[in-house]
Amino acid sequence: MVTLRLPGIRSLKEKRSIVKSLLGRIRNRFNVSVTEVDAHDNHGRAVIGIACVSRSGDYVEGQIQAVLRWIEEERPDLEILAADIELL
């Protein structure tokens, strides 16, 4: 799970727009499943879950790390507060 701070967001409608765009871009660029999993009613935060399936744990971890780097580089308006990577 990745917890994001959304500074300057004033409404849930504005949050939904930003999160929906972010999730779509992540899906298309990295071919992973991603959805908002918590903090739905908090307009200042978003918690997203990212899932990737592969035989290689190293590949999965690399994909998740690439998503995190991409968020930091492409969306400097969002702050990653926490990232918890769990391999099963």
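Residues numbered from 1 in each chain as written. Predicted model: local features only at pLDDT ≥ 70, side-chain atom pairs only at ≥ 80, totals over all residues. Heavy atoms only, no water.

### Description of helix α2 (residues 57-74)
Consideration 1: The end-to-end C-alpha separation of α2 is 25 Å, in line with the 26 Å expected for 18 residues at 1.5 Å each.
Consideration 2: Within the sequence span of α2, burial applies to Val60, Gln63, Ile64, Ala66, Val67, Leu68, Trp70 and Ile71.
Consideration 3: On its buried side, α2 packs onto β1 (2-5), α1 (12-30), β3 (45-51) and β4 (79-83).
Consideration 4: With a side-chain oxygen lying 3.3 Å from the backbone nitrogen of Asp58, the N-terminal cap of α2 falls on Ser56. (Helix = DSSP H or I, 4+ residues; strand = E, 2+ residues; numbered from the N terminus. Expected span 1.5 Å × (residues − 1). Buried < 20%, exposed > 50% of the residue type's maximum accessible area, 1.4 Å probe, protein only. Contact = heavy atoms within 4.5 Å. Polar contact = N/O pair within 3.5 Å; in protein donor to acceptor, adjacent residues only side chain to side chain.)

### Describing the sheet that holds strand β2 (residues 33-38)
Consideration 1: Ordered by their spatial adjacency, four strands build an open sheet running β2-β3-β1-β4, and the pairing between neighbours is antiparallel. Single-partner strands in this sheet number two, and they are β2 and β4. Averaged over all pairs of adjacent strands, the angle between strand axes in this sheet comes to 30°, irrespective of strand direction.
Consideration 2: Bridge analysis of β2 against β3 gives five bridges, and the strand direction is antiparallel. (Pairing = 2+ DSSP bridges. Axes fitted to C-alpha atoms, helices over the stretch in contact; angles between N-to-C directions.)

### Observations concerning the pattern of salt bridges
Consideration 1: Per the stated rule, a full pass over the model turns up three salt bridges.
Consideration 2: Note that Arg5 and Glu79 form a salt bridge whose closest N and O atoms lie 2.8 Å from each other. In this pair, Arg5 is assigned in strand β1 and Glu79 in strand β4, connecting sequence segments 74 residues apart.
Consideration 3: Residue Arg5 is classed as partly exposed on the basis of its relative accessible area, which comes to 36%. (Salt bridge = Lys/Arg side-chain N within 4 Å of Asp/Glu carboxyl O.)

### Some thoughts on the nonpolar core
Consideration 1: Ranked by size, the top nonpolar core spans 24 residues in total, and within it Leu4, Ile26, Ile48, Ile50 and Ile71 carry the most contacts.
Consideration 2: Those elements giving two or more residues to this core turn out to be β1, α1, β3 and α2.
Consideration 3: The greatest single-element share of this core, amounting to seven residues, is contributed by α2.
Consideration 4: Setting aside residues up to four positions removed in sequence, Ile50 forms contacts with Val2, Val32, Ser33, Val34, Ile64 and Val67. (Core = buried A, V, L, I, M, F, W, Y, C linked by side-chain atoms within 4.5 Å.)

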